[in-house]
Structure formats: structure tokens, C-alpha cells
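So the chains spell out like this:
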Amino acid sequence: MPAIKAERVGDIAIKAVFLDLDGTLHDFEAAARKAMKPVFYSVKMRYPAITDAALKIGYERIWESALQTSYSDGRSSKETRSERFSALLSCFGIDDPKLVAEMVEKYEDALKKEVRLFEKARRVLIKIGKKYDLYIVTDGSEWAKTVIEALGITIHFRDIFTSEAAKASKRDGGLFRHVLEKTDLRPQEAIA
């Protein structure tokens, strides 16, 4: 896709828009909750005494604490998911690497099926994509590329930048600095 001619906003020439993925273009939380159903089912098939409620409470605690460091520390999405699922099983005194691998596979398969683009997102991407270069910039994993493909929106973006690949986070600005360096954009030429 050719570079887009810059538009002026006040005294600043805007060339690009950096968009987040989860919660901006699709409802990741809803998709992830649905994707956990087959994961919990896998656990219950092997360990029927464990309830859905106990699994959900245990996983929510693990998820909240994992969000603090996820993806900017160099680990892949598969590694972080494996760690979270292993930690969940540990809550119940279970050490079962084969089940953890099955849980990761079930989650990833289900997540690809559950992601849904927000209702007006495609129209917005088309409209702003006519004026600006669009980039995904997400505090997430390389899995974002799979999500974007599942959503059918890859064509709208010049590139996708993740904290996993950059080993940097948006929280401290490191991911944005990485994106600016890779795109040769100046900070005043992009809106996030």
C-alpha cells in the first residue's frame, strides 16, 4: 500500500494512526470468556470434581496478575498461556503438562472462532484509511496477527506491532518509540 499524503491538523501534519486491537476493534474480553469454555471442559473431563465456578475464579485471579507483565518480557503467547493454565491447575494440586498443552490448543482454536469485529469498525477503518496510514500497536502477543486475520481486516494496516515482538510496552512508551523508529515517523506525525 502506498504512503498516504499527510493531512494537517492545526500546525501538525498527521500521517498515521496507531490503533490498539483488543477492546478497540473487537471485544477481546467476550471472545476470551467464550474461548475458556472448552478449556474448562477439558479440565472437567479429567477432573470432574472441579467446578466451573472454581475454575473461573482461579483463572480470573491468575489473569489479573499476569496482565502486569504479559508479552513485553519476550515470552510468546503460547508460553504465557501455558504458564497461566499450568498455574490454574496448580491451584487444584494438579501437574499435568499434557492437559496444559490441550488447554492451550483448545483456547486458541476457540478464540479464532469467537473474535468479532465491533459493528462499525470496518467502516471506520475504511474511512480513516483513506487519509492516514493505519498501524496496529498493541500490548499483546504475536497472536494479534492471527486475530486480525480472523477478523478479516489485515488489508487495512501497513503493519502490526506487538509488545511481544518489540519486547517493549505501551505503558512505559517503549512500544511507541519502537514503532516510530521502524516507521520513520516523528511523534507529531502520528495519533494513537
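Summary of the structure given here. (Residues numbered from 1 in each chain as written. Predicted model: local features only at pLDDT ≥ 70, side-chain atom pairs only at ≥ 80, totals over all residues. Heavy atoms only, no water.)

Brief notes about helix α5 (residues 121-129)
All buried positions along α5 are accounted for by A121, L125 and G129. All buried residues of α5 fall inside an arc of 60 degrees around its axis, so they share one side. Exposed positions of α5 whose direction lies more than 90 degrees from the buried face are R123 and K127. Against β3 (16-19) and β4 (133-138) lie the buried residues of α5. (Buried < 20%, exposed > 50% of the residue type's maximum accessible area, 1.4 Å probe, protein only. Helix = DSSP H or I, 4+ residues; strand = E, 2+ residues; numbered from the N terminus. Arc of directions from axis to C-beta. Contact = heavy atoms within 4.5 Å.)

Some words on the sheet that holds strand β6 (residues 190-191)
The strands that make up a sheet are held in pairs by hydrogen bonds between backbone atoms, and each pair lies either parallel or antiparallel. Read from one edge to the other, the open sheet built from four strands follows the order β5-β4-β3-β6, with strand pairing classed as parallel. The strands lining the two open edges of the sheet, one partner per strand, are β5 (159-162) and β6. With four bridges joining them, β3 and β4 adopt parallel strand pairing. Residue pairing in the sheet places L19 in a bridge with I136 of β4. (Pairing = 2+ DSSP bridges.)

Focus: the nonpolar core
If you look at the biggest cluster of nonpolar residues, it comprises 43 residues, and the most contacted ones within it are F85 and Y107. Of the residues forming this core, the biggest block, eight residues, is contributed by helix α1 (residues 28-46). The contacts of F85, once residues within four sequence positions are left out, are M36, V39, Y59, V100, M103, V104 and Y107. If you look at the next biggest cluster of nonpolar residues, it comprises 12 residues, including Y135, V137, L180 and L185. (Core = buried A, V, L, I, M, F, W, Y, C linked by side-chain atoms within 4.5 Å.)

With respect to a positive patch on the surface
On the surface, a cluster of positive charge is made up of R33, K34, K37, K56 and R116. In terms of residue count, α1 provides more of the positive patch than any other element does, three residues in total. With respect to the secondary-structure elements, K56 resides in helix α2 (residues 52-66). (Patch = residues over 30% accessible without salt bridge, like charges linked within 9 Å, V, L, I, M, F, W, Y side chains within 5 Å. Areas by Shrake-Rupley, 256 points an atom, 1.4 Å probe, with all protein chains shown as cover. Salt bridge = Lys/Arg side-chain N within 4 Å of Asp/Glu carboxyl O. Lys, Arg positive; Asp, Glu negative; His and termini not counted. Charge placed at Lys NZ, Arg CZ, Asp CG, Glu CD.)

Regarding the environment of K113
When you line up the elements, K113 lands in helix α4 (residues 97-114). Judged by its relative accessible area of 60%, K113 falls in the exposed class. With 82 residues separating them in the primary sequence, K113 and A31 have C-alpha atoms 8.5 Å apart.

Read these as spatial facts, not as claims about activity.
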